[in-house]
Amino acid sequence: MNEFVKITFRLTLSCLMAALVMGTAFIFTDKAKKHNEHVNVQTTMLSLLGYSDLNPAPKELKLYSLYRYIIEEKGTTYLGYMVPVTESGKESYELLKLNLEGKLMQRVPMNISPDAAAEDAERATAMKEALKTEQGIAYQDRTVVARLGDQRLAYLLPGKFGGFKTFINVILSLNPDFAIRGLEIMEHEEDPGLGAEISQNYFKNQFRNKSFERLKSLDVIKEPLPDEYRAYLNAPDKMDKDKADAIIKQYGEKDIYALTGSTISSRSVTDGVKNMVKRFAYRIQVLNDVIADQKIPALI
Amino acid sequence: MAATKKTNSQLVLDGIFLENPIFRLALSMCPAVGLTTSIKNGLLLGTAVLFVQVFSSCTIAAIKNFIHPRIRIPTYTLTIATWVTVIDLVLAAYVPDAYKQVGLFVKLIVAFAIITMRLEMFACKNSVSASWWDGIGMGFGFMFGMVTIGFVRELLGSGMLLGYDVLGFKPLLFFVLPAAGFFCVGIMMAMFNYVEVVYNRRKESKS
């Protein structure tokens, strides 16, 4: 019995020591890791808009975040949108509370700058102050609106959906008319060599230039990817214009060619993208109507 | 086995040649076969193993009197897992680009036979400083093995070295496949054995 106690004690102590070491390492590296992720998301967003080191983004390009919340109040569900607004040159946020029919219920100005709103904790505090309650506020998602001067350039939607194994994290870039500008796979755990091919150019670039109408009926087909189309998809910007146009004309309206041996992954991505765009298009139209109706100086 | 009588430099050199973990001790064959398609892979994984080996060896050597003999293997695994997690976190935070390449393999280091075996054979019977040098020797030995196999396979399989095209053609495509890893390891082992035989014969004839 004595030995049992000894073994238990020593094993517990070892585990605690291990936890201490790992915890310390986590605390020291967490900030750098978060920063990396942030930079990664930022560069990905810019590259989805067509900007890179060689082709830097113009100064007029501004990215504004729109946050969506679900608010439960006395048994009724409302949607809360944190909308970036400008008032006499100063940028802040305003909370729009909508009921499920899309009717505006409440407008609350929020005293929070766009930089502060990017921090989860600060945003949660601001929401608490605006609604004067802590209960029933649930963060849903974020949409980034890219503006070039006064023009709305594109929407960037970070999102995730189920893949073959676990969730697939993506960033989707849409034109103001909801046609797809680009798709980037941020994180996934599909099988290497099979489902993992979703992050290859020749798969994800198939979504480019699909219009909203076409997207609604988009399907996956099990046919070999034609060689010339593959060559175009692998490097869409390097091909000369006439040739690229001819290929887009021929294949642009086609369904998504499934990856060999990974139909489930291909289908998950296609359906996931479809759902993301459809839901977003509905929501943003409702929100746009409200903003236009109330003449809110929104920056989206 | 009592505490080692070797000097520090001997410990390091033995780890690289006479007791090379891959070619002489035949430990950790899975990574040596599976992950050596390029020099870069070998180098990155070798570095990670080096750190895990050195830190684990030192930890075990430091707490060897505290470890209950009945639960020494779980304790070893716990120690290795701790250091692997730490290195995984550090790599992800400070060298994200390299981490993208080896992130998946770094977690596998927990199961590498070489580290557990070295803790069992060496670190739990020796002082911290001796374990430190043994860890360095073993780590570099492993890295040396991985890089050598990676060199042969990358050159013959894809005609490249460190990602640069040096040959301009692919001499033997077979060498990028996992099966060729076995051939490489086998041939290298034979060479190591041959060198040892020749070396011993010379020593005998001299004496």
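What you see is a predicted model, and the numbers here were worked out from it, not measured in a lab.

Some remarks on empty space enclosed by the protein
Residues and elements named next belong to chain A.
Okay, so step 1: Applying the stated criterion across every chain yields a total of one cavity of 30 Å³ or more.
Okay, so step 2: As a volume, the largest cavity reaches approximately 70 Å³.
Okay, so step 3: In terms of lining residues, the largest cavity is bounded by Asn205, Gln206, Arg208, Asn209, Tyr229, Tyr232, Leu233, Ile248, Tyr251 and Gly252.
Okay, so step 4: Ranked by the residues each element gives to the lining of the largest cavity, the list is headed by helix H6 (residues 227-234), at three residues.

What to know about helix H1 (residues 2-48) of chain A
Since the α-helix packs 3.6 residues into each turn, any two residues three or four apart lie on the same face.
Okay, so step 1: For H1(A), built from 47 residues, the straight-helix expectation of 69 Å at 1.5 Å per residue is met to within 8% by its first-to-last C-alpha distance of 64 Å.
Okay, so step 2: Approximately 40° is the largest bend angle found in H1(A), and it occurs at Thr29(A).
Okay, so step 3: The complete set of buried residues in H1(A) reads Ile7(A), Arg10(A), Ser14(A), Ala18(A), Ala25(A), Thr29(A), Ala32(A), Thr44(A), Met45(A) and Leu48(A).
Okay, so step 4: Lining the buried residues of H1(A) we find strand E5 (137-148), strand E6 (151-162), strand E7 (167-174) and strand E8 (180-187) of chain A together with helix H4 (72-94) of chain B.
Okay, so step 5: Residue Gly50(A) follows H1(A) closely and has a positive phi angle near 95°.

Quick look at the sheet that holds E7(A)
All names here are of chain A.
Okay, so step 1: Taken together, eight strands build an open sheet; the order of strands is E4-E3-E2-E1-E5-E6-E7-E8 and the sheet is antiparallel. Either end of the sheet is taken by a strand with one partner, and the two such strands are strand E4 (104-110) and E8. Averaged over all pairs of adjacent strands, the angle between their axes in this sheet comes to 25°, without regard to strand direction.
Okay, so step 2: As paired strands, strand E3 (residues 90-99) and E4 are joined by six bridges and run antiparallel to one another. Across the sheet, the residue bridging to Leu95 is Val108, located in E4.
Okay, so step 3: Each of strand E1 (61-73), E5, E6, E7 and E8 is contacted by H1, which is oriented at about 155° to E8, the strand it contacts most.
Okay, so step 4: Lying over the sheet, helix H8 (residues 263-294) contacts E1, strand E2 (76-87), E3, E4, E5, E6, E7 and E8, oriented at roughly 135° with respect to E6.

Examining the interface of chain B and chain A
When the parts of a complex come together, some accessible area is lost, and that lost area is often taken as the interface size.
Okay, so step 1: Each side of the interface is counted separately: chain B has 18 residues, and chain A has 18 residues.
Okay, so step 2: Overall, the association of chain B and chain A removes approximately 1,700 Å² of surface from exposure, summing both partners, and the carbon and sulfur fraction of that is 77%.
Okay, so step 3: Area buried by chain B at its contact with chain A is led by Phe66(B), His68(B) and Leu89(B), which between them contribute 33% of it.
Okay, so step 4: Our enumeration of links across chain B and chain A arrives at one salt bridge.

Re the environment of Ala138(A)
Residues and elements named next belong to chain A.
Okay, so step 1: With respect to the secondary-structure elements, Ala138 resides in strand E5.
Okay, so step 2: Look at Ala138 and you get partly exposed, because its relative accessible area is 33%.
Okay, so step 3: Excluding residues that lie within four positions of it along the chain, Ala138 makes contacts with Arg68, Tyr69 and Ile70.

Here we look at the side chain of Ser266(A)
Residue and element names in this part refer to chain A.
Okay, so step 1: If you trace the backbone, Ser266 turns up in helix H8.
Okay, so step 2: The buried category is assigned to Ser266, whose relative accessible area is 0%.
Okay, so step 3: Within the structure, Ser266 has its side chain in polar contact with the backbone nitrogen of Leu259 (distance 3.0 Å).
Okay, so step 4: Discounting residues that sit within four places of it in the chain, Ser266 has contacts with Phe203, Val220, Ala258 and Leu259.

Side note on the side chain of Lys204(A)
All names here are of chain A.
Okay, so step 1: With respect to the helices, strands and loops of the structure, Lys204 is situated in helix H4 (residues 201-204).
Okay, so step 2: Among the polar contacts listed, one links the side chain of Lys204 to the side chain of Glu184, at a separation of 3.0 Å.
Okay, so step 3: For Lys204, the residues in contact, after removing those within four places along its chain, are Leu183, Glu184, Ile198 and Ser199.

Considering the packing of helix H3 (residues 39-62) of chain B against helix H6 (residues 113-121) of chain B
All names here are of chain B.
Okay, so step 1: It is at 10 Å that the axes of H3 and H6 come closest, and there the two elements cross at 25°. The angle between the axes of H3 and H6 places the two elements in the roughly parallel class. Where H3 crosses over H6, the handedness of that crossing is right-handed. Each of Val52, Gln53, Ser56, Ser57 and Ile60 in H3 lies in contact with H6, whose residues at this interface are Ile114, Ile115, Arg118 and Leu119.

Remarks on the layout of surface pockets
If a probe the size of a water molecule is rolled over the atoms, the empty space left behind becomes visible.
Residues and elements named next belong to chain A.
Okay, so step 1: Size it by volume and the second largest pocket reaches roughly 660 Å³.
Okay, so step 2: Taken together, 24 residues form the lining of the second largest pocket, with Ser47, Leu48, Gly50, Arg208 and Asp237 sitting closest to its centre.
Okay, so step 3: When residues of the lining of the second largest pocket are traced back to their parent elements, those giving at least two are H1, E8 and H4.
Okay, so step 4: For the lining of the second largest pocket, the element with the highest residue contribution is E8, accounting for five residues.
Okay, so step 5: Of the residues belonging to the lining of the second largest pocket, the class tally is eight nonpolar, 10 polar and six charged.

Calculation rules
Sequence positions are assigned chain by chain, starting from 1 and proceeding in written order. Chain letters and ligand numbers both follow the written order, the letters beginning at A and the numbers at 1. Only residues with pLDDT of 70 or above have their local features reported here, since the model is predicted, and side-chain atom pairs are shown and tallied only from 80 upward, although totals for entire chains, interfaces and linings are computed over all residues. Side-chain calculation: all heavy atoms of the structure are included, whereas hydrogens and water are not. Site definitions follow a grid-based scheme: protein atoms alone, a 1 Å grid, a 1.4 Å probe that fits but cannot get out for cavities, and for pockets an open set with protein on both sides within 12 Å along at least five of seven lines, plus lining residues having an atom within 4 Å of a point. Grid points are joined across faces, edges and corners, and a volume is the space filled by probe spheres set on the points. What counts as a helix is a DSSP run of H or I of at least four residues, what counts as a strand is a run of E of at least two, and both are numbered from the N terminus. To estimate the expected span of a helix, count its residues, drop one, and scale the result by 1.5 Å. What is called the bend at a residue is the angle between a pair of axes, fitted to the seven residues leading up to and ending at it and to the seven starting from it. Only protein chains enter the accessibility calculation, which uses a 1.4 Å probe; a residue is then buried when its area is under 20% of its type maximum, exposed when over 50%, and partly exposed in between. Contacts between residues were defined by any pair of non-hydrogen atoms, one from each residue, lying within 4.5 Å. One bridge is not enough; two strands pair if DSSP finds at least two bridges between them. Lines are fitted to the C-alpha atoms to define the axes, a helix being fitted only along its stretch in contact, and any angle between axes, read from their N-to-C directions, falls within 0 to 180 degrees. By definition, the buried area sums, over both parts, the 1.4 Å-probe accessible area that each loses when the two are put together. The term salt bridge refers to a side-chain nitrogen of Lys or Arg lying within 4 Å of a carboxyl oxygen of Asp or Glu. Polar contacts, as counted here, are pairs of nitrogen or oxygen atoms within 3.5 Å of one another; within protein the pair requires one atom able to donate a hydrogen and one able to accept it, and residues that are adjacent in sequence qualify only if both atoms are side-chain atoms. Roughly parallel covers angles under 35 degrees, roughly antiparallel covers those over 145, roughly perpendicular covers 65 to 115, and oblique covers all other angles. The handedness criterion is simple: a crossing whose near helix is rotated anticlockwise from the far helix by less than a right angle is left-handed, and one whose near helix is rotated clockwise is right-handed. For this classification, Asp, Glu, Lys and Arg are treated as charged, while Ala, Val, Leu, Ile, Met, Phe, Trp, Tyr, Cys and Pro are nonpolar and the rest, including Gly, are polar.

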